[in-house]
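# Examining the three-dimensional arrangement
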Amino acid sequence: MLESWKSATAAVRAGRAEANEVKLLAQAERGDRAAFAQLYRAYFPRLARFLDRMSRDGALIEEVINDTMLVVWQKAATFNHTSKVSTWIFAIAYRKALKALAAHDEPVDAEPDDEPGDARLEPERALSRQQLQAQVAQALDALPLAQRTVVNLAYYHDMGYEEIASIMECPVNTVKTRMFNARLRLRALLGGDLEVER
Amino acid sequence: MSAKVVELDVGVHQRVQRLLAFDGALTEQEQQLVEHHAESCGVCAEELLWQRKLKAVQPAAGAAPDMEAALARLLPRLEERPRVVRRGGWMPWALAAQFVLLLALGAFSLQQHQEYRLLGEKPALAEANLIVIFRPETSDRHLQAILQYHDARVVGGPTETHAWLVHVAPDKVEQVRRALRAEPAVQLAESLQVAR
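Reading the values: rules and limits
- Residues numbered from 1 in each chain as written.
- Chains lettered and ligands numbered in written order.
- Predicted model: local features only at pLDDT ≥ 70, side-chain atom pairs only at ≥ 80, totals over all residues.
- Heavy atoms only, no water.
- Core = buried A, V, L, I, M, F, W, Y, C linked by side-chain atoms within 4.5 Å.
- Buried < 20%, exposed > 50% of the residue type's maximum accessible area, 1.4 Å probe, protein only.
- Contact = heavy atoms within 4.5 Å.
- Buried area = accessible area lost by both parts, 1.4 Å probe.
- Salt bridge = Lys/Arg side-chain N within 4 Å of Asp/Glu carboxyl O.
- Helix = DSSP H or I, 4+ residues; strand = E, 2+ residues; numbered from the N terminus.
- Expected span 1.5 Å × (residues − 1).
- Arc of directions from axis to C-beta.
- Axes fitted to C-alpha atoms, helices over the stretch in contact; angles between N-to-C directions.
- Parallel < 35°, antiparallel > 145°, perpendicular 65-115°, else oblique.
- Nonpolar A, V, L, I, M, F, W, Y, C, P; charged D, E, K, R; others polar.
- Pairing = 2+ DSSP bridges.

Ranked by internal contacts, the top residues of the largest apolar core, which has 92 residues, are M69 of chain A together with F22 of chain B. The contacts of F22 of chain B, once residues within four sequence positions are left out, are V150, A154, M159, G160, Y161, I164, V175, K176 and M179 of chain A. Membership of the second largest hydrophobic core comes to 17 residues, among which are I146, W164, V176 and A185 of chain B.

As structure tokens, this is what we get:
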């Protein structure tokens, strides 16, 4: 009962947030810079967090975010409401990031998608939260880019497989397979114990 | 008989194994399937718990760029935005395609004699002056009746979150917004007009 109430409340909250983003986009389309700036500030931290798993170059991250948001400004009228505003913006960011990484000669993929898991990163002792966060980051970075992107969007941006498929322009089954493989790999790298020491 | 049951369980188990990574972002039916299966499958229950712990750990990240400085660098580039649609080229065709799409979406429209607009005019997104979200249980017929009653015309939607973009007489936006909000079937009604 409590769970369904929480889920209904979350759905209403998400609906309001989406409605607000549609509103800001419509205002930006009319040339309202203040509305655009509001949208920019709402997306900057999310995009920075998303792109941080693709590149460690702060200047490159800023470049991709600004190129993405410039497209949002220029193409606001083409947003067709068949997806969420966030799906549309993240899809632009993902394409821009792939292009930027290729242009800057940054390695896009270290390993093929189906690489088996390798040795654990750390023995099974309780870690401080900071150590655990570093270890999780290291394990994520060991994944091929496509798997890492799926995990990043699913775990840390709460996106479903259909949204992720739309962002990465690939079939839903590909997303599920990448996630399945990524999960096995992360499990092998991180082990079963994710407890933080008290 | 028992072999059939085991086979079915294996199928569910495999399906759940591919779904549980999206825990929390699944459809209601899928979420129920995952949770119901996890109640009787130790492997999936343990995997679900492990994943929830992993999701709770925000991975270490590099220093984020300075947002305000980045925005300040972007703002001058916004001048490049095309404000006037030129005749010729692909843009009118793109607008025409968009217009046709929105027209199709307007099947719910209550003004059957909706006037056609010329190419190059503002797209429907700019024409919408209200955004409305109905409660999920609202039927199409009820939705139409409410909009018709308030002289509101659908110009876009529904979005993934079931939001409809509607147009009402510009001088009645606030009045209609308040009236729609008073409708029990309406979850949200917001003006898209820029505050003056």
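There is more to say, and it comes next.
Listed as interface residues are 76 residues of chain A and, on the opposing side, 60 residues of chain B. Here chain A and chain B share an interface that buries about 6100 Å² over both sides, 59% of which is from carbon and sulfur atoms. When residues of chain A are sorted by the area they lose upon contact with chain B, R30, H81 and R183 of chain A head the list and together hold 12% of the total. Remark: the boundary between chain A and chain B carries six salt bridges. Of the charged contacts in the structure, one is a salt bridge between D67 of chain A and R77 of chain B, with a shortest N-O distance of 3.0 Å.

As a further point, take helix α2 (residues 28-40) of chain B. Residue and element names in this part refer to chain B. With 13 residues, α2 extends 19 Å from end C-alpha to end C-alpha; this agrees with the ideal 18 Å at 1.5 Å per step. Restricting attention to buried positions, one finds in α2 the residues E30, Q31, V34, H37 and A38. One face of α2 carries all of its buried residues, which in axial projection span an arc of 140 degrees. Residues of α2 that are exposed and angled more than 90 degrees away from the buried face: E28, Q29, Q32, H36, E39 and S40.

Right, let's get into the side chain of T68 of chain A. Inspection of the secondary structure assignment puts T68 of chain A in helix α3 (residues 58-74). Sequence-distant contacts of T68 of chain A, that is, excluding residues within four places in its chain, are made with L47, I89, I92, A93 and K96 of chain A.

This next bit is on the packing of helix α6 (residues 145-156) of chain A against helix α3 (residues 42-56) of chain B. Two elements in contact, α6 of chain A and α3 of chain B, have axes separated by 9 Å at closest approach and are oriented at 90 degrees. On the basis of their axis angle, the class for α6 of chain A and α3 of chain B is roughly perpendicular. Contacts between α6 of chain A and α3 of chain B pair A154, Y155 and Y156 of chain A from the former with Q51, L54 and K55 of chain B from the latter. Among the residues making up the contact of α6 of chain A with α3 of chain B, the classes are represented as four nonpolar, one polar and one charged.

All names here are of chain B. What the four strands build is an open sheet, ordered β2-β3-β1-β4; its pairing is antiparallel. This sheet does not close on itself; its edge strands, each paired only once, are β2 (153-156) and β4 (186-191). For this sheet, the mean angle separating the axes of adjacent strands, direction not counted, is 35 degrees. Of the pairings in the sheet, the one linking strand β1 (residues 130-134) to strand β3 (residues 163-167) comprises four bridges and is antiparallel in character. Paired with L130 across the strands is V166, a residue of β3. Taken strand by strand, helix α7 (residues 140-149) contacts β1, β2 and β3, and its axis lies near 145 degrees from that of β1. Contacts between helix α8 (residues 173-181) and the sheet are confined to β1 and β4, with β4 contributing the most and set at about 165 degrees to the helix.

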